[in-house]
Amino acid sequence: MDYVTMCEKSWGGRENVAHDKYLIRNLTPLMTRLRADGMLPAICFCFSIPSIVRMAQTLIKYGFDAWQPVDGESRAKVDKQSRDQTIRKVCADLHGTVSPWMVSGLQQGIAMHHSSCAPQYLQIVEQLAKDRMLRVIFATGTLARGIHIPCQTVVFLGPSHQLTPTQFEQCAGRAGRRGIDAEGKVVFVGFSLRAMGDVLTAPQPIITGTTAPGATLTVRMLSQYHELESQGSHAL
């Protein structure tokens, strides 16, 4: 199944059960294709925690090897021995605090990130992701803003009323960070073409301030402006 076929799939409003069945059935083929096309690491956004858990479990228990090299690619950008040693160490700290399958997932390069995860697990996931030691992360909007975790590809797993234009820009902005990847990619899975168009073309909300700036703030802003102006136009 190619990306276009996956994106054009529409289940006609049969609620989350149909959504999950479709996504889970096509999850391993999708990840295999992303890996083969050199599109990992990827953050897979889904705004339902139960769905995230089911998809992560499916991929991990299947035994998907996110680190399997593709043609012309080395085993990993990070030395394999060093990576394995680091992951074994952090996994040892997690034993007894999270489910064994979640620990196995980290060893396979697969993780989750959502509000119900244990804080210790989230800290480890964030650090491993920053060090490029994870290849697939299933996440809710918790990774959309405030945390610097760049990736090569962002995948949206099914439509959601929470996927607003603003949320889309925040999530998609994780892909292809300057100085890390040459380009970023966005993949929609389980969206009708109309649903994709709604996300991509919807107008951005108008943001207006409600607090009038006081004298102190105004003076401070003018001072900063003149300081930048003195440094040249490139600083403005």
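Before reading further, recall that the structure is shown in the block above.
Residues numbered from 1 in each chain as written. Predicted model: local features only at pLDDT ≥ 70, side-chain atom pairs only at ≥ 80, totals over all residues. Heavy atoms only, no water.

**Q** Which residues make up the pattern of salt bridges, and what values do they have?
**A** For the structure on display, the rule yields 3 salt bridges. Residue aspartate 37 pairs with arginine 33 through a salt bridge whose shortest N-O separation is 2.9 Å. Residue class for arginine 33 comes out partly exposed when judged on its relative accessible area of 32%. (Salt bridge = Lys/Arg side-chain N within 4 Å of Asp/Glu carboxyl O. Buried < 20%, exposed > 50% of the residue type's maximum accessible area, 1.4 Å probe, protein only.)

**Q** Give a detailed account of the packing of helix α4 (residues 80-94) against helix α5 (residues 100-108), specifying residues and quantitative values.
**A** Close contact between α4 and α5 brings their axes to 10 Å; oriented N to C, the two are set at 170°. With respect to their mutual orientation, α4 and α5 come out roughly antiparallel. Contacts between α4 and α5 involve Ile87, Cys91 and Leu94 on the former and, on the latter, Val103, Leu106 and Gln107. Considered class by class, the residues forming the contact of α4 with α5 number 5 nonpolar, 1 polar and no charged. (Axes fitted to C-alpha atoms, helices over the stretch in contact; angles between N-to-C directions. Helix = DSSP H or I, 4+ residues; strand = E, 2+ residues; numbered from the N terminus. Parallel < 35°, antiparallel > 145°, perpendicular 65-115°, else oblique. Contact = heavy atoms within 4.5 Å. Nonpolar A, V, L, I, M, F, W, Y, C, P; charged D, E, K, R; others polar.)

**Q** Describe in detail the sheet that holds strand β1 (residues 42-45), supporting the description with residues and values.
**A** Backbone-to-backbone hydrogen bonds join strands into a sheet, with any given pair of strands oriented parallel or antiparallel. Strand order in the open sheet formed by 5 strands is β2-β3-β1-β4-β5, and the pairing between neighbours is parallel. Only two strands of the sheet have a single neighbouring strand rather than two, namely β2 (110-113) and β5 (185-189). Taking the axes of each pair of neighbouring strands and ignoring which way they run, one obtains an average angle of 20° across the sheet. Here β1 pairs with strand β3 (residues 136-139) via 4 bridges, running parallel. Bridge assignment links isoleucine 43 to a residue of β3, and that residue is isoleucine 137. (Pairing = 2+ DSSP bridges.)

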